[in-house]
Amino acid sequence: MILLDYRDKRPIYEQMVEKLERLIVSGGLEQDSKMPSVRNMAVELAVNPNTVQRAYTLLEQEGYLYTVSGRGSFVAPEREWRDGQLGRMLAEWVAMTHKARDAGLSQEVLLEQLAAVYGHAGAENEESPCASALVYCRGDMENENMDGSPHRLAGGSAENRQPADMQTGGNHDRSEGSTEKL
C-alpha cells in the first residue's frame, strides 16, 4: 500500500499521513473503501500500532477518513476532504496575511502579489520586485530591531536583504546587555 523511508527525519506517522493523503487525492484509495485495520497496517509496515492509530486519527481530523464504530476506518467522500483541505489552506492564508500585516507589509503590496499569482498561473518562479523577500520590500529599506531601534538592511538583492548584524554572525539576541552569540 505505502512505502516508508526509515531514513527520513520526519516521524513515521507524518510520512503515513502524507502518503495516504496522496493516495486518497489521486484516487488510489476509492471513496468509502475500507482501510486496513490498525493492527494489520502496523504488521504490514512493521511499525507500532499506536503510530498507525495516530496517522488514522490525523487523517480523520483532516476529513480524509471516517470511522464506523466496530467496523473500522473508511475513505471519506471527496467533498468532505476537499472542503477540509480548502478550509485549512484558507486558515493558513489568513494567518500569514496577519503576519505580513504585522511585519509592515501594506495591503497594496499583498494585493499586488496576489494578483501576480492569479494573473500568471504556473509562473510561481518568476521574480517580482518583492518575490524573494517580501518583508524587506520597503521604500526606505529600513526595518526595526526587536527593541524598536532602526537598523539599516544590508545587501542589494532581495535574497541578501537582511540585517547587517545577521549577515556577519553578530549578536542575534536582542535583549539588553546580552553579548552571547546564538
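Anything mentioned here points back to the structure above.
Here the structure is a predicted model, which is why all the values come from computation and not from measurement.

Caption draft 1: The arrangement of the overall build of the protein chain in detail. Counting its regular elements, the protein chain contains six helices and five strands. Ordered by position in the sequence, the α and β elements of the protein chain form the string α-α-α-β-β-α-α-β-β-β-α. Every one of the 182 residues in the protein chain was classed for burial, and the buried ones make up 27%. Here the analysis covers contacts within the protein chain between residues at least 6 apart in sequence; of these, 40% occur between residues at least 24 apart. On the protein chain, roughly 12,400 Å² of surface is accessible, and the fraction owed to carbon and sulfur atoms is 52%.

Caption draft 2: Region of the structure containing the environment of Asn-48. Along the chain, the position of Asn-48 falls in the loop between α2 (38-45) and α3 (49-61). One polar contact links the side chain of Asn-48 to the main-chain amide nitrogen of Asn-50, over a distance of 2.7 Å.

Caption draft 3: Here's a closer look at the environment of Pro-11. For Pro-11, the position within the fold is in the segment before α1 (12-26). On the basis of relative accessible area, Pro-11 is assigned to the partly exposed category, the value being 34%.

Caption draft 4: Broad picture of helix α4 (residues 78-102). Over its 25 residues, α4 runs 36 Å from end to end, which matches the ideal 36 Å to within 8%, given 1.5 Å per residue. The set of residues buried in α4 consists of Trp-81, Gln-85 and Ala-100. Contacts made by the buried residues of α4 are with α1 and α5 (107-119). Immediately beyond the C-terminal end of α4, within one or two residues, lies Gly-104, with a positive phi of roughly 105°.

Caption draft 5: Looking closely at the side chain of Glu-21. Mapped onto the fold, Glu-21 is located in helix α1. Of the side chains with opposite charge, Arg-88 lies nearest to the buried Glu-21, which makes no salt bridge, at 5.2 Å. Look past the residues within four positions of Glu-21 in its chain and what remains in contact with it is Leu-59, Glu-62 and Tyr-64.

Caption draft 6: Looking closely at unusual backbone geometry. Not every positive phi belongs to a glycine, and Asp-32 is a case in point at roughly 70°. On the secondary structure map, Asp-32 appears in the loop between α1 and α2. By relative accessible area, which is 40% here, Asp-32 ends up partly exposed. With a phi angle near 55°, Ala-46 is a residue other than glycine that sits in the positive phi range.

Caption draft 7: The arrangement of the packing of α2 against α3 in detail. Their axes nearest at 8 Å, the elements α2 and α3 cross at an angle of 120°. Read as a crossing pair, α2 and α3 show a hand that is right-handed. Along its contact with α2, which presents Val-38, Met-41 and Ala-42, the element α3 presents Pro-49, Val-52, Gln-53 and Tyr-56. Partitioning the contact of α2 with α3 into residue classes produces six nonpolar, one polar and no charged.

Caption draft 8: Region of interest: the pairing of strand β2 (residues 72-75). The pairing of strand β1 (residues 65-68) with β2 spans four bridges and is antiparallel. In the strand pairing of β2, Leu-65 is matched with Val-75. Here β1 folds back onto β2 in antiparallel fashion, the turn holding three residues, of which Gly-70 has a positive phi close to 80°.

About the cut-offs
Residues numbered from 1 in each chain as written. Predicted model: local features only at pLDDT ≥ 70, side-chain atom pairs only at ≥ 80, totals over all residues. Heavy atoms only, no water. Helix = DSSP H or I, 4+ residues; strand = E, 2+ residues; numbered from the N terminus. Buried < 20%, exposed > 50% of the residue type's maximum accessible area, 1.4 Å probe, protein only. Contact = heavy atoms within 4.5 Å. Areas by Shrake-Rupley, 256 points an atom, 1.4 Å probe, with all protein chains shown as cover. Polar contact = N/O pair within 3.5 Å; in protein donor to acceptor, adjacent residues only side chain to side chain. Expected span 1.5 Å × (residues − 1). Lys, Arg positive; Asp, Glu negative; His and termini not counted. Salt bridge = Lys/Arg side-chain N within 4 Å of Asp/Glu carboxyl O. Axes fitted to C-alpha atoms, helices over the stretch in contact; angles between N-to-C directions. Left-handed = near helix turned anticlockwise from the far one by under 90°. Nonpolar A, V, L, I, M, F, W, Y, C, P; charged D, E, K, R; others polar. Pairing = 2+ DSSP bridges.

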